[in-house]
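Survey of secondary and tertiary structure
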Amino acid sequence: MLRPYREINEMRNCSKELGSLALGVALFGCSAPIGPIPGGTLSGELASWPENWAHVEDRENVLLQTNPEDPYSVTIWGLGLGSDFYIAASKRTNRWAQYLEADPSVVLNVDGKLYEATASRVSGAEEALPVSVAFRAKYDVQGHRDFENEGSFYRLTARATAN
């Protein structure tokens, strides 16, 4: 009498293992980041750099690809001010920020559209202040002393293309 129950439990365990395997294959096969889990090469349609980023105002997250030699992508906050797009690193020691510092060539993915860009760290208060105010307003966050010491804003501009 116990045998059918054991077989049923074995079948359940087998189906759980197969489900876990399928999930692992699906995650490994994805190149885009999933939430806080980084990814690789981003896919989408290459688009021209917009003159204005107003269409991104209601997007909480965008995807950023760094490290062209071995692409590394992350989900990140970002916003546009005029024709420039800004991202923020809470710590410059984040892997993606280190890659960006080593090679400023990045790809920004907004709604499946890919924008090739060059990143540069915002260093002057004249530029940093309006960016900080815009991030605080969009994401309802307050300034944090650690960010001032360890974080950075980065400006993304259209990458020059070779003719």
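Every value quoted in this text rests on a predicted model; they were computed, and no experiment measured them. (Residues numbered from 1 in each chain as written. Predicted model: local features only at pLDDT ≥ 70, side-chain atom pairs only at ≥ 80, totals over all residues. Heavy atoms only, no water.)

1. Some thoughts on the environment of L42
For L42, the location among the structural elements is in the loop between α1 (2–29) and β1 (45–46). Under the relative-accessibility criterion, L42 is labelled buried at 6%. Sequence separation between L42 and S73 is 31 residues, and the spatial gap between their C-alpha atoms is 7.1 Å. Setting aside its immediate chain neighbours within four residues, L42 contacts A32, P33, L63, L64, Q65, S73, V107, N109 and L114. (Helix = DSSP H or I, 4+ residues; strand = E, 2+ residues; numbered from the N terminus. Buried < 20%, exposed > 50% of the residue type's maximum accessible area, 1.4 Å probe, protein only. Contact = heavy atoms within 4.5 Å.)

2. Considerations on the confidence of the model for the chain
Caution applies to low-pLDDT parts of the model: their predicted coordinates are not meant to be read in detail. Summary statistics for the chain give a mean pLDDT of 84 and a share of 76% for residues scoring 70 or more. Scored below 50 in pLDDT, residues 20–29 makes one contact in the model with residues more than four places away or belonging to other chains. (pLDDT = per-residue confidence, 0-100.)

3. Observations concerning the side chain of T66
Within the secondary structure, T66 sits in strand β2 (residues 61–66). When its relative accessible area of 1% is taken as the criterion, T66 is described as buried.

4. Quick word on the packing of aromatic side chains
If you walk through the whole model with that rule in mind, you get nine aromatic pairs. Plain terms: the ring middles of W49 and Y115 are 6.1 Å apart, the flat faces sit at 90° to each other, and that makes the pair edge-to-face. Taken together, the residues span a long stretch of sequence, with W49 in the loop between β1 and β2 and Y115 in strand β6 (residues 113–121) at a distance of 66 residues. An aromatic cluster is built from W49, W53, F85 and Y115, whose rings are joined through pairwise contacts. (Phe/Tyr/Trp six-rings, centres within 6.5 Å; stacked < 30°, edge-to-face > 60°.)

5. As for the nonpolar core
L64, F85, I87, W96 and L156 are the most contacted members of the largest nonpolar core, which totals 22 residues. Secondary-structure elements contributing two or more residues to this core are β2, β3 (72–81), β4 (84–89), α2 (95–102), β5 (105–110), β6 and β7 (152–158). Excluding its chain neighbours within four sequence positions, the residues that come into contact with W96 are L64, T66, Y72, V74, I76, I87, A88, A89 and Y154. L79, V122, A134 and F153 belong to the second largest nonpolar core, which has eight residues in total. (Core = buried A, V, L, I, M, F, W, Y, C linked by side-chain atoms within 4.5 Å.)

6. Re the environment of E69
Mapped onto the elements, E69 comes out in the loop between β2 and β3. E69 sits 34 residues away from D103 along the chain, and the two C-alpha atoms are 9.5 Å apart.

7. Considerations on α2
Among all positions of α2, only W96, A97 and L100 are buried. Down the axis of α2, the sector holding all buried residues measures 100°, keeping them to one side. The elements touched by buried residues of α2 are β2, β3, β4, β5, β6 and β7. (Arc of directions from axis to C-beta.)

8. With respect to the pairing of β2
β2 sits mainly inside the fold: five of its six residues count as buried. Here β2 runs beside β3; their pairing, made up of six bridges, is antiparallel. Bridge pairing links T66 to Y72 in β3. Counted between consecutive antiparallel strands, the loop separating β2 from β3 contains five residues, among which N67 sits at a positive phi close to 55°. In the sheet, β2 pairs with β5 via three bridges, with the strands oriented antiparallel. Its bridge partner lying in β5, L63 is registered against N109. (Pairing = 2+ DSSP bridges.)

9. Observations regarding the pairing of β5
Burial analysis of β5 places five of its six residues in the buried class, which makes it a mostly covered element. In the sheet, β5 pairs with β6 via six bridges, with the strands oriented antiparallel. Bridge pairing in β6 places V106 opposite A117. In sequence, β5 turns back onto β6 through a hairpin of two residues, with D111 there showing a positive phi of about 55°.

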